[in-house]
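# Fold and contact review
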Amino acid sequence: MLEVKNVHKAFHGTEVLKGVDIEVGKGDVVVILGPSGSGKTTLLRCMNFLEKADKGTLVLDGMSVDLAKAQKREIREARLHTGFVFQNYNLFLNKTALENVTEGLVAGRKIPKKQADEIGKKALDKVGLSDRYDYYPQQLSGGQQQRVGIARAVAANPKVIFFDEPTSALDPELIGDVLTVMKKLAEEGTTMVIVTHEMSFAKEVADWVYFMDGGTVVEKGTPQEVLTCPKEERTRQFLRRVLREIDYYI
């Protein structure tokens, strides 16, 4: 349903992505793991045209787009079928939770406001915020703000939702609420590509795991294959370090 092939990206002469390939089937939950600087977020942003790749191809539900040469029309068409949940929420501070969800529906998709409000309320209900329609971001916890961000992505009824480390800016006590919402989406068959450091979540929810390092995919497979019985030494090193840090903080 979604495939990116041979993605390259450099910043100021430093190559961040070195020919990355990712495949995502309909209803799949694909988790991308890796150390800081491995290119995970850059890949996700290139897949949604938030960054312009230097080279590569995106195929989305039969539509093929050159990531380096995509025209505005192609980018708009691709984005109509995708949602993006940001690390730091990216909400409009002067708009309520409901308005944050409906803004893109009304302005970007030309959906009438009354209909957009109905869609927005259903999306907020889905993420457990049925009592927060009229709250502004500053009146919400970080976890609630992130759930508004998820509702905004869900409301557009996309073919795939990209999540860029959705829990990394949250206090530990708030992470569970966001992960619970994401698990529910997975159970409903939502196609998702998730950059995260939440190892237990990846093991429980992912259909496929990609481990990246140095701008390349080092290893890919099922959670059992990559997280329990990795083939590559670099993957094993990463897992040992991450699990040691988890044990330390627990």
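Rules used in this analysis
Residues numbered from 1 in each chain as written. Predicted model: local features only at pLDDT ≥ 70, side-chain atom pairs only at ≥ 80, totals over all residues. Heavy atoms only, no water. Buried < 20%, exposed > 50% of the residue type's maximum accessible area, 1.4 Å probe, protein only. Helix = DSSP H or I, 4+ residues; strand = E, 2+ residues; numbered from the N terminus. Pairing = 2+ DSSP bridges. Right-handed = clockwise from strand over helix to strand, strands pointing away. Axes fitted to C-alpha atoms, helices over the stretch in contact; angles between N-to-C directions. Contact = heavy atoms within 4.5 Å. pLDDT = per-residue confidence, 0-100.

Another aspect to go through is the pairing of strand E8 (residues 192-195). By the alternation rule, side chains of E8 split into Met-192 and Ile-194 and Val-193 and Val-195, which are all buried. For strand E3 (residues 29-33) and E8, the ladder comprises 4 bridges, and the chain directions are parallel. By the bridge assignment for E8, Val-30 is matched with Val-193. The sheet contact formed by strand E7 (residues 160-164) and E8 spans 4 bridges and is parallel. Among the inter-strand pairings, Asp-164 is bridged to a residue of E8, identified as Val-195. Between the parallel elements E7 and E8, the chain passes through helix H6 (residues 172-187) in a crossover that is right-handed.

Attention shifts here to the sheet that holds strand E1 (residues 2-11). Read across the open sheet, the 4 strands follow the order E2-E1-E4-E5; overall the sheet is antiparallel. Two strands close off the open sheet at either side, each with one partner strand: strand E2 (14-24) and strand E5 (63-66). Pairwise comparison of adjacent strand axes, ignoring direction, gives a mean angle of 15° for this sheet. Here strand E4 (residues 55-60) pairs with E5 via 4 bridges, running antiparallel. By the bridge assignment for E5, Leu-58 is matched with Val-65.

Once that is clear, we can look at the side chain of Thr-102. With respect to the helices and strands, Thr-102 occurs in helix H3 (residues 97-108). Here Thr-102 falls in the buried class, since its relative accessible area comes to 7%. Apart from residues lying up to four places away in sequence, Thr-102 is in contact with Ala-116, Asp-117 and Gly-120.

It is worth spelling out unusual backbone geometry at this point. In this structure, Tyr-89 takes a positive phi of about 75° despite not being glycine. By the element assignment, Tyr-89 lies in the loop between strand E6 (82-85) and H3. The phi dihedral of Lys-110 falls on the positive side, at around 60°, and the residue is not glycine. Mapped onto the elements, Lys-110 comes out in the loop between H3 and helix H4 (113-126).

Averaged over the protein chain, the pLDDT score is 94; the fraction of residues at 70 or greater is 97%. Scored below 50 in pLDDT, residues 246-250 shows 1 contact in the model against residues more than four places distant or in partner chains.

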